[in-house]
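A structural walkthrough
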Amino acid sequence: MNILFSRFRLLLAATVATLSWAAHAQLSIEITGAGATRFPVAIPLFENEGSLPRGITDVVRADLERSGLFSLVDMGLVTLPATAVPDLAGVRARGADAVLAGSLYPQADGRYDVRFRLFDTQKQTELGGLSLRMTPAQNRATAHRIADFVYEKLTGQPGYFATRIAYVVKSGPRYELQIADADGMNAQTALASREPIISPAWAPDGQRLAYVSFEAKKPVVYVHTLATGQRQVVANFKGSNSAPTWAPDGQRLAVVLTKDGQSQLYVLNADGSGLRRMATSPGIDTEPAWSPDGEWIYFSSDRGGSAQIYRIPASGGSAQRVTFEGNYNVTPRLSPDGRSLAFITRNNGRFQVAVMDLATRQTTILTDSSRDESPSFAPNGRMILYATESGGRGVLAAVSSDGRVKQRLSVQAADVREPSWGPLTR
Amino acid sequence: MKKFVLPALLVTLLAACSSTGTFDQAGGTAVEDRSTGAPGVATVTAPSMAGSGIAALTDPNNILSKRSVFFDFDQFVIKPEARPLVEAHARFLVQNPQMKMLIQGNTDELGSREYNLALGQKRADAVRQALTLLGAKESQIESVSLGEEKPRCGESNESCFAQNRRGDMLYSGEF
């Protein structure tokens, strides 16, 4: 059941003119920058695709185009069946270095077998293939799986098209925690409230979210199982409870509590038991983020006089300062490989997404906007989703970790904020 | 007099939608179905508070009806002009030991939401400390932060930001 059917109209301002997206999309995506060199690939229509009510290859093309790493070579209405090796020289002559050939086979139960093979037109070799079974309504999910396959074969990195994102939409007095596919489609409301919701954080299993809700007139941390809607209060101590973040093992959460004074770091089990204080500082400690290897907890603190990022061993110990430039560096988020740190820096009065190479400590500002918040890495580390402001409204944006690819995701007539990119769950 | 009641965190399941398919594996890997909401996302509606005020505290001619303490930019100390208001509320708490108070600290919208939540807590704590120094009991007061989430004024300018840098005092029955 799609609760938000037809709530917002799709506004697609992408550079791809051939897309035919469903009309009930919530987030529209605008590509505002692309990689310098893009890999030319051809994704012709699959054999028998026309028998589906909604297509597959148009979604695959849109995914690949949006990544900024590929350019799509138009094959018109040509279809290349998965059963035969296509004329690779002919495809190459059209400018494509790789081509996907695919076919659909209707099954007696109404489902389809989708078979496809990817070819390198330069080396004249097959790069691999897959067979998926789907109902006609699963066209998008199938397409994201196919796009992930193509992406991984051609870049060597896992794709992120079959992942989900969480974010908060504020329209008037109403707050909704929404979950959508990584392309902004299929948005569903996990929680609706008349009080604010902030800081959604995906559990590593991709099935649960921790977040802060103000429905009790104060910040309280919940863990919410998406499929069932079951919610559990995991931190509701005297004072404020906020900034949940999952340990990589999915068993524990770091949270920020004020029960013993100012905002301080604590760790507890995902069911709320086993509370343990992580650090004691004379100032604010907040926004914890676990390193992917589980060794460190990064956080922001004013213990040195200005807001800076520090880290502390997850097993306890003394804190080390991580950022030194400027006087406002907050919201640390580790890349999935643990090698770089995204954060928000105040730069001449503008709040911008920066990324630090943790080995060299070199910092690069990735955006040219001024109200950026809440950076969140894609599971493969290539893109960073964040919140910013455009035209006086909250929008989501994404930038590649090298700063070249830029996208904006917005919902008409509403504020969107607090994005969090979910994990790979395959 | 209203009794102090913490909100029961009742969860209303509006829709438990799940049509999780188990697919025939023959001929290919089943595609996870998100198109119809499975593994679905069930929509939950959070309960809203039906707060009700107390007559003595809402009389506009009574200083006790004023509930906001304002702060300067990046400041967390109570200004001299707020002293009479804080003193009046401290007296009320001393004279009404059964009354409880929730202090909500607020900030302007600049910067990180979670960092602002921590800054708002410093403002709420400043009000709480002033009240307890004046005789209110620690057990009567809870100080929390709303950060930048509940601005009184929604525009992005300094006069608006000044109204949002504040601590609000709520009594039993109002939260």
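What this report covers is the structure whose coordinates are included nearby. (Residues numbered from 1 in each chain as written. Chains lettered and ligands numbered in written order. Predicted model: local features only at pLDDT ≥ 70, side-chain atom pairs only at ≥ 80, totals over all residues. Heavy atoms only, no water.)

A look at the state of the cysteines
Residues and elements named next belong to chain B.
- What the rule picks out here adds up to 1 disulfide over all chains.
- Here Cys-153 is linked by a disulfide to Cys-160, with a sulfur-sulfur distance of 1.7 Å. Taking the sign of the S-S torsion, -100° for the link of Cys-153 and Cys-160, the bridge is left-handed. One exposure class covers both Cys-153 and Cys-160, and it is buried. (Disulfide = S-S within 2.5 Å. Buried < 20%, exposed > 50% of the residue type's maximum accessible area, 1.4 Å probe, protein only.)

Section: the side chain of Ser-172 of chain B
Residue and element names in this part refer to chain B.
- By the secondary structure assignment, Ser-172 is in the segment after β7 (166-171).
- Assessed through its relative accessible area of 1%, Ser-172 is described here as buried.
- For Ser-172, the side chain forms a polar contact with the main-chain nitrogen of Lys-100, separated by 2.9 Å. (Helix = DSSP H or I, 4+ residues; strand = E, 2+ residues; numbered from the N terminus. Polar contact = N/O pair within 3.5 Å; in protein donor to acceptor, adjacent residues only side chain to side chain.)

Re the pairing of strand β5 (residues 112-120) of chain A
Residues and elements named next belong to chain A.
- Within β5, 8 of the 9 residues are buried, which leaves the element mostly enclosed by the surrounding structure.
- Where strand β4 (residues 98-106) and β5 come together, 9 bridges link them in antiparallel fashion. Residue pairing for β5: Leu-100 is matched across the bridge by Leu-118.
- Once β4 ends, the chain turns through 5 residues before running back antiparallel as β5, passing Gly-110 with a positive phi of about 95°.
- Where β5 and strand β6 (residues 125-134) come together, 9 bridges link them in antiparallel fashion. Each residue of the ladder has a partner; that of Tyr-112, found in β6, is Met-134.
- Taken together, β5 and the strand that follows it, β6, pair antiparallel across an intervening segment of 4 residues, in which Gln-124 is found at a positive phi of about 55°. (Pairing = 2+ DSSP bridges.)

Brief notes about the sheet that holds strand β24 (residues 350-357) of chain A
Residues and elements named next belong to chain A.
- Pairing is antiparallel in the open sheet, where 4 strands are placed in the order β22-β23-β24-β25. With one partner strand each, in any of the chains shown, β22 (329-334) and β25 (362-365) form the two edges of the open sheet. Looking at each pair of strands side by side, their axes are set apart by 30° on average, direction ignored.
- By the bridge criterion, 4 bridges tie β22 to strand β23 (residues 340-347) in an arrangement that is antiparallel. Counterpart to Arg-333 in the pairing with β23 is Ala-342. (Axes fitted to C-alpha atoms, helices over the stretch in contact; angles between N-to-C directions.)

Notes on the layout of surface pockets
- Of the voids in this model, the largest pocket is the one considered here, and its volume is about 970 Å³.
- Of all the elements in the fold, those that place two or more residues in the lining of the largest pocket are β10 (197-202), β14 (241-246), β18 (285-290), β22, β26 (373-377) and β30 (415-421) of chain A together with α3 (113-133) of chain B.
- A total of 5 residues in the lining of the largest pocket trace back to one element, the largest contributor, which is β26 of chain A.
- Looking at the lining of the largest pocket residue by residue, the class counts come to 24 nonpolar, 10 polar and 6 charged.
- Taken as a whole, the second largest pocket spans an internal volume of roughly 580 Å³.
- In this structure, the second largest pocket is lined by 23 residues; those nearest its centre are Glu-389, Asp-415 and Arg-417 of chain A together with Glu-109 and Arg-113 of chain B.
- Those elements giving two or more residues to the lining of the second largest pocket turn out to be β27 (383-390), β28 (393-400) and β30 of chain A.
- Residues belonging to the lining of the second largest pocket are distributed by class as follows: 4 nonpolar, 7 polar and 12 charged. (1 Å grid on protein atoms, 1.4 Å probe; cavity = no way out; pocket = protein on both sides within 12 Å on 5 of 7 lines; lining within 4 Å. Points joined across faces, edges and corners; volume = space filled by probe spheres on them. Nonpolar A, V, L, I, M, F, W, Y, C, P; charged D, E, K, R; others polar.)

What is shown is where atoms sit, not what they do.
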